Each structure stands twice: as structure tokens, then as C-alpha cells.
There are 2 protein chains.
Amino acid sequence: MTRVYNFSAGPACLPEWVLKKAASEMLDAHNSGMSVMEMSHRSSEFQDIIDTCKARLKRLMNIPDEYEILFLQGGASLQFTMIPLNLEKHNVDLINTGQWTKKALKEHEKFGKVNVVASSEEDNFTYIPKIKQEDLSEDSDYVYICENNTIYGTKYKELPPHEGKLLVADLSSCILSERTDVSKYDLIFAGAQKNMGPAGLTVVIIKKDLIGLADEKTPSMLNYKTYADNDSMFNTPPTYAIYICGLVLEWLETQIGGLENMEKINRQKAKLLYDYIDASKLYSNPVVPEDRSYTNVPFVTGDKDLDTKFVKEAKEAGIVNIKGHRTVGGMRASIYNAMPLEGVEALIAFMKKFEEENYNA
Amino acid sequence: MTRVYNFSAGPACLPEWVLKKAASEMLDAHNSGMSVMEMSHRSSEFQDIIDTCKARLKRLMNIPDEYEILFLQGGASLQFTMIPLNLEKHNVDLINTGQWTKKALKEHEKFGKVNVVASSEEDNFTYIPKIKQEDLSEDSDYVYICENNTIYGTKYKELPPHEGKLLVADLSSCILSERTDVSKYDLIFAGAQKNMGPAGLTVVIIKKDLIGLADEKTPSMLNYKTYADNDSMFNTPPTYAIYICGLVLEWLETQIGGLENMEKINRQKAKLLYDYIDASKLYSNPVVPEDRSYTNVPFVTGDKDLDTKFVKEAKEAGIVNIKGHRTVGGMRASIYNAMPLEGVEALIAFMKKFEEENYNA
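Per an unreviewed UniProt entry, chain A goes by Phosphoserine aminotransferase and derives from Holdemanella porci. Per UniProt, chain A has the following entry under Subunit (unreviewed entry): "Homodimer." In its Function (unreviewed entry) section, the UniProt record describing chain A reads: "Catalyzes the reversible conversion of 3-phosphohydroxypyruvate to phosphoserine and of 3-hydroxy-2-oxo-4-phosphonooxybutanoate to phosphohydroxythreonine."

Put into C-alpha cells, the structure is as follows:
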């Protein structure tokens, strides 16, 4: 068995500690004589798994008591519909920072008015637009942001002003990568498949007083209240994905030592890579330095053929899924929690070698 | 490691062959150097997994070319909303055979008129009501059934008449347990967690000409067209659940030899158990014999305390999740594909011993 360094943007690499534990428990988890996949979601064994998972998330993120944690399906994409269906009013001020806010916009518009308060689209989303309170609409109910933009490699370092309005944020690609002050948000959501576990699980962290406001005609499966009232088990939840998420959270607590440590490691990984790119003659990162993501690092050589060669040779060297998104081109290294420092060092070593072999100053 | 016989109604037992393969591939699947959980859904490795899974399902169920296979999330429960949202008209003739048709009814009513054309509720759902064509409403668009009723242990042996109307069927607890003539249906759906794989995956088999009829305001994630147009990968699908489903289908093809063989084994298992129950003085099954399910077998002693004792002692003997649903009481043995004949034999041996120890004629 040879493991590779997997820089995929999501689904993404998971800690080997998690995978080894999952493999060892595949036929008999917790002395139950069965796999977690085979457990009834109504069993005490699974109840313990979901309770522990939720408690770990609450502890790790320091989630205040006035927030509810919901485990859902359908990906972040289904939240683009559930959010307007569940919040009492649907007029939104949206800051457009890439493909995921554009997709959110398209779905939100089916339910209410969307005002694009700022956008960096004209610069291919290479920065986070800074807005002021007076830029917001008078009649908007919430401000919508995507906090880390996976494709473009940008991240909010400060939340936008939103006085008198709710703040709704997509944290899919930065959740658990650093400390987050949950109390600054009204609704956080994240697909699990980048930093929390496998695809097929979506986590929503929502202020309790925002639950139960949906119209009575709202489908039960799209109503946050259904999940809040039934401990996320109105119907069968994605049990195995919740189990793996629980293992990832266990790894964060027991092997890493919490989000403060994780944040330090992640900052170190990002600094190493950006410093190398900025010093290099061959590679460049298109993002405004102050808005650079800590988890997704796009870079280009400026020569499409050379980019293609890079991706091919990197794969041969065990550095995979490094190709950039088609809208940005070049390469992208996603360096989520489970990517070890050694992986980033291996990438930089490969980049150096490739530069030496392919670039004549 | 001691494996138990797990009679759970779902999530349910999986073939050991599947679990062993999944465990062995957990850190390095298909020589990719990574787990399937870590694979990008846009990678050629995962494309191969989803393509193979779909092809196996088409082959096993002999699904005609004019049907589309969709991989979704949200469980069968989300289909109660997606079906009326996607079919052009929403008036439905529903046959009420238990909790799952009642839940479907409640959600369908949010979108259109629901006529309960027949119900066995007054007899605690112990039979399948037989209807005639003239019982159907003049203005209904489709007939809705739950083909196998997990809780009550009933199953349609013949489909209801539905001339001039579509037939929509929930096959969650009987799909792949026998040969199915897909051409008799217009839309089949099933949560995977009983007979196909882990929770978190829902399969829809739908006539292609019924796709694309939804209103343009329909949320993208609730529109079958989104999935049909994007090979079920508009957004990240539940990749690992699809992989495990693929392994279950591989097991059915290569280890069992297809659905004809599976059906024979399942009929044998059910006959053994029903014959024993019918001959026993202690146990009885409340269902009309002609409507008995092949996959879910409820039985009672008629004495609640004795039922409780049975469940407790069975567990000590490695026969678990045998407790009946609270609305039926007693016990229930779910004997899906992955429950081997030996498991049913072990159950019967335990039932005999328990009867000898606890019943005086």
C-alpha cells in the first residue's frame, strides 16, 4: 500500500488515524458485532455515536447553548433552498465572491429578492469585496457570504458589517480549520466533505430562535424544525458519515489538541506555501495577499502547457488532485486539516525541482 | 471479533463479503493511494465507481433503456416531496398500507389533492387492500403505493390496476430482494439502507419522459432533471454510500448470481420462518397469509412480558434488533438479502428453545 498526498478540494484527504480506526471497526464496532453501517439509527449504540459527535463539535467550536446543531443531507447546495424556506423573510444582501455564491443567488431568487451588494467577479474573484453598513439594502433580512472560496482561494479575515440583519455564512471549506467565534453568526452551514468527514453529510449551526419560522406548507424534510425536534433523526440520517465525522472530531480533540493547535498548524502550512510561491520566479498566486485562503492555494506558471506538465509529473511523484478549477486554470493545493505539514513540504520540494528543470530565468 | 445475526429493519445487515472488501480498501482503493471517501467526485476513479454501480443495477434489475437511474440524498422521505414537485400534475390516488404511506400522504397534500382510495388501517394494516380500476378517481394523475411495508410485514404480490394513470412505488424494503418487472412502473424509489447499502443514498428509477416537467421555480436540488442532466453529480454525491452500494451489487452479481437466485434464497428463508411460526403454539404472525412480506416478518407471543423476555434473551444469544415496531409490538425479523439462511435457522432454533422453556400447552 502506498498512500499519496491528495490535494483534492473536496471530497478531500482524511486523517490516516480516522481511516485506520474505521477499517478496524468495519466488521465489529464498539463490540456490537456489526459495522456502524449496519446499526439501526434507533439503537443505543448509534445514539451514543451521534450524541458524542454533536458534543465534540460543540466543545471544539465552543458553540454557545443558544445554537442548535443539525445533521442534514443534500450538501451545501440544498441549504441554498432551505435557508430562504426557513428564515422568516427572504430578502438577502449577498456578497458575490465566486461560483458558490452565484449558485446560492440563483436558488435564493426563487424565493425572495436578492441584492448583490458587492462582487469581485470583474477581477475573476481574486479578492474579497469590503462593504460598509450603508451599502446594505434597507429591506434586506440577512447578509449572505461564502467565508472561504474553494475555487478562487480567497477568505474573509473580517466579517462584513450587518447591523440589524442576520449573518448567514457558508463555511464548507474553512470550518474547523481555525477558531471560529460562532456567536458572530446567525446561521453557519458546511458540507462535511472538505474538513469534517465524507460527502453526504451537511452540518447546520443555527440560532435556536430562528427555528420554527417556516411556513406550515414547507416540506418536513426541508424544515429545520423537523431536525431540531427529532435530534436530526426524523428519518434515517446518513449514519456512517456521522460516524466518520465523529472520528474526525475525535482526532481533532485527542491527536491535534483542539482548534487552537489546528489553526497554528494550518497557518504554518499556508505560510510555507505562499512564501515559496511569492519567492519563486515560475509560480504565482493571483489573490490579493490580505484575502488569501489558508485552505485553498491556487497557483499558475502562466504557461498552460507547463501547467499540464506540472499536474502530470506531480501525479507520478505521488502528489495528486493538484489541478486547478477550470475557471482559474493552473494548479490548486487544498491543504485542509488532514493534509500534514509533510505533504506541503513534499509539494514545495516537487515545485522547486520542477522549477529548476523547467524555468530559465 | 464476534459477528451477530442482525435482524434490524434498516439500516440493516450487509454482506460480510462487502464489509471485508471495504475494510481492505479503506486506505488504498483501486491502487489510488487513497480511500474512496477521499476521492474527488470529479476524478476518473470515482467516475468509474458510479458508472459501474449504475451499470450493475441496470443489469441486475433489467432496467429498460427508457428509464433513468438517479442517485439522490435525503432518504425516501424527501421523495414524498420531490415526486409531486416533479410530476406534472399532483393529484394522487394513494393506497394506505401503513406509516410510510401516511407520511407520504402528509407531504403530498402540501402540493396537490390526495385521495385515499383504500386503507387497511382499521385492521392495523395486516393486509393489502385490493382495489379495482373503478375505485380510482377520475382526476387523479398517479397511483401511489408502498410495495412492502416494513413495519407491518405486508407486501403487494400483484400491482394495483392503474389504467390511464402513472404508478409510483416505494420499494425501499423489497428492492433487489426478488425479480422486478420495472416496465410495470413509472417511478420507483428506495432508500438504500435496507437492501442496497448504507443510509444516506436514495435511488430513483424513473421513466425518462417524466423528467423535465417540474416548474422552473423548483429548487435545483429537488428537480430530477438536475440529476439526470449531471449524471447525479450536479453537486457532490454521497460518494462512499454509492461505493458501498456498488459493492453490494457486485456481491449480488458475482457471489449470489443475480436476482433469480436471490429470490429463491429469500423465498426459502421466509417459508422456513412462516412455516415454523404457523406450526408453533406460542408465536403468531398477524398478517393475512397471501399478503405476507418476504423481507419483514413480525411475530408476537400474545404476552407483552414474554415478548420483552424474548428480545432480551435473543440478544444474549447473538440475535439482535429483533424487537417489533412499537405500533405492532412483539418481535420482527427483517430478513433482507444479506441475512444468510443460517441466520434464519439460528433464529428458529432460538425460538424453539424459548418456546420449550416458556410455554406450557
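From this point, the narrative continues.
Re the overall build of chain A
Regarding its fold elements, chain A presents nine helices and 13 strands. At 21 Å, chain A has a C-alpha radius of gyration in line with the 21 Å of a compact globule built from 361 residues. By principal-axis analysis of the C-alpha atoms, chain A measures approximately 65 × 60 × 30 Å. Evaluated residue by residue, chain A yields a buried proportion of 64% over its 361 residues. Put simply, 67% of the contacts in chain A that link residues at least 6 apart link residues at least 24 apart.

Describing helix H3 (residues 75-86) of chain B
Residue and element names in this part refer to chain B. In a regular helix each residue adds 1.5 Å, so twelve residues correspond to 16 Å; H3 covers 16 Å between its end C-alpha atoms and thus fits that length. With twelve of its twelve residues buried, H3 lies for the most part within the structure. What H3 keeps buried is the set Gly75, Ala76, Ser77, Leu78, Gln79, Phe80, Thr81, Met82, Ile83, Pro84, Leu85 and Asn86.

Focus on the sheet that holds strand E9 (residues 187-191) of chain A
One key point about sheets: their strands pair by backbone hydrogen bonds, in either a parallel or an antiparallel sense. Residues and elements named next belong to chain A. The mixed open sheet is built from seven strands, whose spatial order is E2-E10-E9-E8-E5-E3-E4. Strands at the two margins of the open sheet, each flanked by one partner only, are strand E2 (67-72) and strand E4 (114-119). Across the sheet, the mean angle separating the axes of adjacent strands is 20° when strand polarity is ignored. Note: strand E8 (residues 166-170) against E9, three bridges, orientation parallel. Bridging from a neighbouring strand, Asp170 pairs with Phe189 of E9. Lying on the sheet, helix H4 (residues 99-108) is in contact with strand E3 (92-96), E4 and strand E5 (142-146); it crosses E3 at an angle near 155°.

Focus on the domain arrangement of chain A
All names here are of chain A. The domain boundaries assigned to chain A delineate domain 1 (16-256) and domain 2 (258-357). Spacing between the C-alpha centres of domain 1 and domain 2 amounts to 26 Å. If you look at the interface, domain 1 gives 27 residues, while domain 2 gives 29 residues. In this assembly, domain 1 packs against domain 2 so that about 2,500 Å² is buried in total across both faces, 51% of it on carbon and sulfur atoms. Area buried by domain 1 at its contact with domain 2 is led by Lys157, Arg179 and Ile256, which between them contribute 22% of it. At the boundary of domain 1 and domain 2, one finds four salt bridges. In this structure, Glu178 engages Arg267 in a salt bridge whose closest nitrogen and oxygen atoms are separated by 2.9 Å. When contributions to the side of domain 1 that touches domain 2 are tallied by element, the ones reaching two or more residues are helix H2 (44-61), strand E7 (154-155) and helix H6 (239-256).

Overview of the sheet that holds strand E9 (residues 187-191) of chain B
Residue and element names in this part refer to chain B. Here we have seven strands laid out as an open sheet, ordered E2-E10-E9-E8-E5-E3-E4, and mixed in their pairing. The open sheet has two edge strands with one neighbour each: strand E2 (67-72) and strand E4 (114-119). Each adjacent strand pair in this sheet contributes to an overall mean axis angle of 20°, direction not counted. Along the sheet face, H3 touches E2, strand E5 (142-146), strand E8 (166-170), E9 and strand E10 (202-207) and points at about 155° away from the line of E9.

Structural notes on the interface of chain A and chain B
Contacts between the two partners involve 63 residues from chain A and, on the opposite side, 63 residues from chain B. Summed over both sides, the interface between chain A and chain B buries roughly 4,800 Å², with carbon and sulfur atoms accounting for 60% of that surface. Where chain A packs against chain B, one counts two salt bridges. Here B:Arg3 and A:Glu38 are joined by a salt bridge, their closest N and O atoms 2.7 Å apart. Mapped onto the side of chain A that touches chain B, the elements with two or more residues apiece are helix H1 (16-24), helix H3 (75-86), H4 and H6 of chain A. When the residues that make up the side of chain A that touches chain B are grouped by side-chain class, the tally is 27 nonpolar, 22 polar and 14 charged.

Some remarks on the UniProt feature "modified residue: N6-(pyridoxal phosphate)lysine" (unreviewed entry) in chain A
Residues and elements named next belong to chain A. Taking the UniProt record as the reference, the feature "modified residue: N6-(pyridoxal phosphate)lysine" (unreviewed entry) is found at Lys194. Relative to the helices and strands, Lys194 is located in the loop between E9 and strand E10 (202-207). Taking relative accessible area as the criterion, Lys194 reaches 15% and is therefore assigned buried. A distance of 3.0 Å separates the side chain of Lys194 from the backbone oxygen of Ala9, its partner in a polar contact.

Focus on the packing of aromatic side chains
Residue and element names in this part refer to chain A. For the structure shown, the criterion picks out 25 aromatic pairs over all chains. On the basis of an interplanar angle of 80° and a centroid distance of 5.7 Å, the ring pair of Phe299 and Phe310 is categorised as edge-to-face. Placement of Phe299 in strand E11 (residues 296-299) and of Phe310 in helix H8 (residues 304-316) is noted, with a sequence separation of eleven residues between them. We classify Phe299 as buried; its relative accessible area is 0%. Owing to a relative accessible area of 0%, Phe310 belongs among the buried residues under this scheme.

Focus: the relation of the copies chain A and chain B
Of the transformation placing chain A onto chain B, the axial shift is 0.0 Å and the rotation is 180°, giving an RMSD of 0.0 Å. Here the two chains are linked by the operation of a two-fold rotation axis. When C-alpha distances to the rotation axis are compared across chain A, the minimum falls at A:Ala23, with a value of 2.3 Å. A symmetric contact is evident, with 100% of the interface residues of chain A recurring at the interface of chain B.

Rules used in this analysis
- One numbering rule holds for all chains: residues counted from 1, following each sequence as written.
- Chain letters and ligand numbers both follow the written order, the letters beginning at A and the numbers at 1.
- With the structure being a predicted model, the display of local features is reserved for residues of pLDDT at least 70 and the display and counting of side-chain atom pairs for 80 or more, all residues being used for whole-chain, interface and lining totals.
- The basis for every side-chain value is the complete set of non-hydrogen atoms in the structure, without hydrogens or water.
- UniProt positions are given in the numbering used here, feature names are shortened, and annotations may be inferred rather than shown by experiment.
- Going along the chain from the N terminus, every DSSP run of H or I of four or more residues is numbered as a helix, and every run of E of two or more is numbered as a strand.
- Both definitions apply: the radius of gyration is a C-alpha atom measure, and the globule rule equals 2.2 Å times residues to the power 0.38.
- Summary of the burial criterion: residues with accessible area below 20% of their type's maximum are buried, those above 50% are exposed, and those between are partly exposed, where the area comes from a 1.4 Å probe applied to protein chains only.
- In this analysis, two residues are considered to be in contact whenever any of their non-hydrogen atoms come within 4.5 Å of each other.
- Expected span of a helix, by definition, is 1.5 Å for each gap between consecutive residues, and there is one gap fewer than residues.
- By this definition, two strands are paired if DSSP reports at least two bridges between them.
- Here, axes are lines fitted to C-alpha atoms. For helices the fit covers the stretch in contact, and angles between N-to-C directions go from 0 to 180 degrees.
- Segment limits for the domains were obtained from an automatic or database-derived domain assignment.
- Computed with a 1.4 Å rolling probe, the buried area is the accessible surface lost when two parts are put together, summed over both parts.
- The salt bridge definition used is simple: a Lys or Arg side-chain nitrogen within 4 Å of an Asp or Glu carboxyl oxygen.
- Gly is put with the polar residues, along with every residue not named as nonpolar or charged; the nonpolar set is Ala, Val, Leu, Ile, Met, Phe, Trp, Tyr, Cys and Pro, and the charged set is Asp, Glu, Lys and Arg.
- Two N or O atoms count as a polar contact when they lie within 3.5 Å, although within protein this holds only if one can serve as hydrogen donor and the other as acceptor, and sequence-adjacent residues are included solely when both atoms are side-chain atoms.
- Pairing of aromatic rings covers Phe, Tyr and Trp, the last through its six-membered ring, and needs centres within 6.5 Å; plane angles under 30 degrees mean stacked, over 60 mean edge-to-face, and all others mean tilted.
- In this comparison the copies share one frame, found by least squares on the C-alpha atoms of residues holding pLDDT of at least 70 in both.

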